[in-house]
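Spelled out, the chains give:
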Amino acid sequence: MIVDLKVFIFITEVSETARMKQKLHAHREMLISELEPRLLTSILSKSKAFPQKTIQDIKDAPSCFERTQILLSYIEKGESKVLDDFLSALRDAGYHNIVELIEPTDLHKKAGKLI
């Protein structure tokens, strides 16, 4: 029974991450126009989920548009830790409205924990 619960929790976390990545993709154009990737890469450079090569690739892109595209592509392809660290960086940078767009509401989180 404990193993079943662990599997369920893992599946729930994976599906929650997938839903957040779908929202990220759905709001991609708005994110590209709103985000300042240099600020975010400065924050994310401290994260183990973001390799220095990735951070450097983002910094080396010739335009803000391209820097944001590279950042979002990495997040969409990454594991849940990448997305978690990105959301944390958004909070630290003051992008609370964007976090609210991407992250499930507290009601969804509570429902996921009850199941």
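Residues numbered from 1 in each chain as written. Predicted model: local features only at pLDDT ≥ 70, side-chain atom pairs only at ≥ 80, totals over all residues. Heavy atoms only, no water.

Caption draft 1: Representation of the environment of Ser 33. With respect to the helices and strands, the residue Ser 33 is situated in helix 2 (residues 28-34). Sequence-wise, Ser 33 and Phe 65 are 32 residues apart; in three dimensions their C-alpha atoms are separated by 7.5 Å. Of the polar contacts made by the side chain of Ser 33, one reaches the backbone oxygen of Met 30; its length is 2.9 Å. (Helix = DSSP H or I, 4+ residues; strand = E, 2+ residues; numbered from the N terminus. Polar contact = N/O pair within 3.5 Å; in protein donor to acceptor, adjacent residues only side chain to side chain.)

Caption draft 2: Region of interest: the pattern of salt bridges. Applying the stated criterion to the full structure yields 4 salt bridges. Asp 57 is the salt-bridge partner of Lys 53, the closest N and O atoms lying 3.1 Å from each other. Taken together, the positions of Lys 53 and Asp 57, both in helix 4 (residues 52-60) and 4 residues apart, correspond to about one turn of that helix. The partner of Arg 91 in a salt bridge is Glu 103, with the nearest N and O atoms 2.8 Å apart. Note that Arg 91 is positioned in helix 6 (residues 80-92) and Glu 103 in the loop between helix 7 (96-102) and helix 8 (106-114), a separation of 12 residues in sequence. (Salt bridge = Lys/Arg side-chain N within 4 Å of Asp/Glu carboxyl O.)

Caption draft 3: Highlighting the packing of helix 4 against helix 5 (residues 64-77). At a minimum axis separation of 7 Å, helix 4 and helix 5 run at an interaxial angle of 155°. The orientation of helix 4 with respect to helix 5, classified from their angle, is roughly antiparallel. Note on packing geometry: the crossing formed by helix 4 with helix 5 is right-handed. Residues Thr 54, Asp 57, Ile 58 and Lys 59 of helix 4 pack against Arg 67, Ile 70, Leu 71 and Tyr 74 of helix 5. Per-class residue counts for the contact of helix 4 with helix 5 are 4 nonpolar, 1 polar and 3 charged. (Axes fitted to C-alpha atoms, helices over the stretch in contact; angles between N-to-C directions. Parallel < 35°, antiparallel > 145°, perpendicular 65-115°, else oblique. Left-handed = near helix turned anticlockwise from the far one by under 90°. Contact = heavy atoms within 4.5 Å. Nonpolar A, V, L, I, M, F, W, Y, C, P; charged D, E, K, R; others polar.)

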